[in-house]
Amino acid sequence: MVCITGLKKSFIAQSPSHGRIKAVMAVDGVSFEIPGGRIAALVGESGSGKTTIARCICGLETPDSGEILYNGAPLVFDTKDKRRMVQYIFQDTFSSLNPRMKTGEILGEPLIFHFNLRGGALEEEKLLLLGSVGLSGAVLDKYPHELSGGQRQRVVIARALSMRPGLLLADEPVSSLDVSVQAQVLSLLKELNEARGLSILFITHDLRVVKSLAHDVIVLKEGKIVEKGKVEDVFLRPGQDYTKLLLSCVPGAAPGPGA
Ligand SMILES: Nc1ncnc2c1ncn2[C@@H]1O[C@H](COP(=O)(O)OP(=O)(O)OP(=O)(O)O)[C@@H](O)[C@H]1O
Ligand SMILES: [Mg+2]
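Residues numbered from 1 in each chain as written. Chains lettered and ligands numbered in written order. Predicted model: local features only at pLDDT ≥ 70, side-chain atom pairs only at ≥ 80, totals over all residues. Heavy atoms only, no water.

Visitor: A description of the layout of surface pockets should follow, citing residues and the corresponding values.
Guide: Roughly 510 Å³ of internal volume is contained in the largest pocket. Considering the residues around the largest pocket, the lining is formed by 21 residues, among which V86, Q87, Y88, R159 and M163 are closest to the centre. Put simply, the parts of the chain that give the lining of the largest pocket at least two residues each are β6 (86-89), α4 (103-115) and α6 (149-162). Here the element with the most residues in the lining of the largest pocket is α4; it accounts for five residues. (1 Å grid on protein atoms, 1.4 Å probe; cavity = no way out; pocket = protein on both sides within 12 Å on 5 of 7 lines; lining within 4 Å. Points joined across faces, edges and corners; volume = space filled by probe spheres on them. Helix = DSSP H or I, 4+ residues; strand = E, 2+ residues; numbered from the N terminus.)

Laid out in structure tokens, this is it:
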């Protein structure tokens, strides 16, 4: 469904120590697929290029080169319909929600813009969306700061779902939540994947989450893929020392690089 080939993205950055300008190769020739209805996890150390890949997929960055195909056609966001197909969930729920809008308006805006819903149909759809993320209509009248972190992330997910996307890019969506709320949001994503066939690119540092949530895993290091495959294969038989090192930090997942 989503096919990425030879993706490259560099940034011009100024060195903090000597002030010289240099190019940083954030993503360096990355190719992978996210088959329809599957959850692919993108893992790797900080700065390995995960967010940059997601931002290229949803059009927030323009790649230097490479191809991103969605159902066989280049992914461009030139129509309303195409813009709704890929939705991005960020780690920081505060910055993704307008602090001056109540939940009802936050959910209503895209429903009016994309589907022209009004009146009773609009209110009904808001309640359905809230129900699908385990929230009640009680949050409709609340501002983002009046919600808990877990409720806010559910509202963000509900807003993403309101656009009926085919692909959800979830960039560390649970890192700022406490462990029990993390588990709830993760099981919600799994449910949505199973019930709606929603494809998800899930970005995380946490390999335990990968094991419980994802079908496929892509391991990234310094902008390049070091290993990719089905989660059970990569976790049972990691082919690369880097993957073994990442896995050695997960209790009971796999032997470390020296084993
Ligand atoms: N707008 C930008 N300008 C300059 N450099 C950037 C920019 N965005 C990212 N980079 C650099 O590109 C590299 C990859 O960054 P990216 O944010 O994709 O990493 P990441 O894997 O998401 O890291 P983390 O796990 O910390 O979120 C880093 O070296 C980063 O400093
Ligand atoms: Mg990131």
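Visitor: Requested: an account of the side chain of T204, with residues and values cited.
Guide: Assignment of secondary structure puts T204 in strand β8 (residues 199-204). A polar atom in the side chain of T204 sits 2.8 Å from the backbone nitrogen of D206. If we ignore the near neighbours within four places in the chain, the residues touching T204 are L42, V43, G44, K50, E172 and V210. (Polar contact = N/O pair within 3.5 Å; in protein donor to acceptor, adjacent residues only side chain to side chain. Contact = heavy atoms within 4.5 Å.)

Visitor: Explain the pairing of strand β1 (residues 2-14) to me, and be specific about the residues and the numbers.
Guide: Examined bridge by bridge, β1 and strand β2 (residues 21-34) share 11 bridges and lie antiparallel to one another. Counted as the bridge partner of K8 is D28 from β2. Turn length for the β1-β2 hairpin, with the two strands adjacent in sequence and antiparallel, is six residues, and the turn residue G19 shows positive phi of about 75°. Summarising the sheet, β1 and strand β4 (residues 65-70) pair through five bridges and their orientation is antiparallel. Among the inter-strand pairings, K8 is bridged to a residue of β4, identified as S65. (Pairing = 2+ DSSP bridges.)

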